[in-house]
Amino acid sequence: MVRGVLFDMDGVLFDSMPGHAYAWAKVMTQYGLPMKESDAFEHEGRTGIGTISIFTQRYWGRDATEEEAQELYRKKTIVFNEYMSARGGEAPEMPGAADVLNKVRARGLMRVLVTGSAQQSLLTRLERHYPGHFTPALMVTGDDVRYGKPNPEPYLMALQKAGITADEALVVENAPLGVRAAVAAGIKTIAVNTGPIDPQLLLNEGATWLFPSMAALAENLDTILTNDE
Ligand code: CA
């Protein structure tokens, strides 16, 4: 029986991926590393240097040096910040996410946040958009982990914080590497394909359910939870 639902943040609770994808594609292409915005969605969750090296391997036949990676990542961050400040400075809520959270709460289930993001302002922002759903005790952020996704570590840590077993949890993820991390932690995973990637990539990583949006998940969540009881 499910006691808690573990939520990824970017691409699940907030529609933050388009800005990252725009910045990645623009800066990498400037450096002679042709990258499409959809590529950025496929690699979501990788470290900056990990993403950069996949493309330098492909086009330059070698890994990026530490200096190259730092410079590229710094420029990507500048372009991302410009993109965001032109749009009010903050990623919008993902449509349907509030409905999902409210349904989870109505059933008396825990909401646990599991994100690679390490911003100080995380809780304030969550509280402003999704009041009363998350507490610091039930959050795993980029500051807490050593390895991060696709390592199962963040999800294992979330189970520990919530005091539940993998069988008592469900994960909601949008990225293939996020699904890989959750499945490696032994947790049944709901994939929501909120970006432009081939949905098969999410199923290939072992997602148990697949929906095209958080709104579609909200419509089907009761069925999932009832069948799991
Ligand atoms: Ca994500």
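**Looking at the nonpolar core**
Membership of the largest hydrophobic core comes to 57 residues, with the highest contact counts inside it found for Phe7, Leu13, Leu126, Val172, Ile190, Met214 and Leu217. Each of domain 1 (4-15 + 91-227) and domain 2 (17-85) contributes no fewer than three residues to this core. Among residues more than four places away in sequence, those in contact with Ile190 are Leu170, Val171, Val172, Glu173, Trp209, Phe211, Leu217, Leu221 and Ile224. With 17 residues, the next largest nonpolar core counts Val112, Val114, Val140 and Val145 among its residues.

**Concerning the side chain of Ser117**
Within the secondary structure, Ser117 is located in the loop between β2 (110-114) and α6 (122-129). Among residues more than four places away in sequence, those in contact with Ser117 are Met9, Asp10, Leu122, Thr141 and Gly142.

**A look at unusual backbone geometry**
The amide bond that connects Lys149 to the next residue, Pro150, takes the cis arrangement and shows omega of 10°. Mapping Pro150 onto the fold places it in the loop between β3 (139-140) and α7 (153-162).

**As for the pairing of β2**
Taken across its five residues, β2 has four buried, putting it largely inside the fold. Pairing between strand β1 (residues 4-7) and β2: four bridges, direction parallel. Across the sheet, residue Phe7 finds its bridge partner in β2, namely Leu113. Alignment of β2 against β3, held across two bridges, turns out to be parallel. Bridge pairing links Val114 to Val140 in β3. Of the crossover connections in this fold, the one passing from β2 over α6 to the parallel β3 is right-handed.

**Here's the deal with the domain arrangement of the protein chain**
Here the domain parsing of the protein chain yields domain 1 (4-15 + 91-227) and domain 2 (17-85). Each of domain 1 and domain 2 was reduced to a C-alpha centroid, and the two centroids are 25 Å apart. On the side of domain 2, 10 residues touch domain 1, which itself brings 14 residues to the contact. Regarding the contact of domain 1 and domain 2, the summed buried area is about 940 Å², with carbon and sulfur atoms giving 63% of it. Where domain 1 meets domain 2, there are zero salt bridges. At the surface where domain 1 touches domain 2, the tally comes to one residue pair in polar contact (both at pLDDT 80 or more). Class assignment for the residues of the side of domain 1 that touches domain 2 results in seven nonpolar, three polar and four charged.

Cut-off values and rules
- Residues numbered from 1 in each chain as written.
- Predicted model: local features only at pLDDT ≥ 70, side-chain atom pairs only at ≥ 80, totals over all residues.
- Heavy atoms only, no water.
- Core = buried A, V, L, I, M, F, W, Y, C linked by side-chain atoms within 4.5 Å.
- Buried < 20%, exposed > 50% of the residue type's maximum accessible area, 1.4 Å probe, protein only.
- Domains from an automatic or database assignment.
- Contact = heavy atoms within 4.5 Å.
- Helix = DSSP H or I, 4+ residues; strand = E, 2+ residues; numbered from the N terminus.
- Pairing = 2+ DSSP bridges.
- Right-handed = clockwise from strand over helix to strand, strands pointing away.
- Buried area = accessible area lost by both parts, 1.4 Å probe.
- Salt bridge = Lys/Arg side-chain N within 4 Å of Asp/Glu carboxyl O.
- Polar contact = N/O pair within 3.5 Å; in protein donor to acceptor, adjacent residues only side chain to side chain.
- Nonpolar A, V, L, I, M, F, W, Y, C, P; charged D, E, K, R; others polar.

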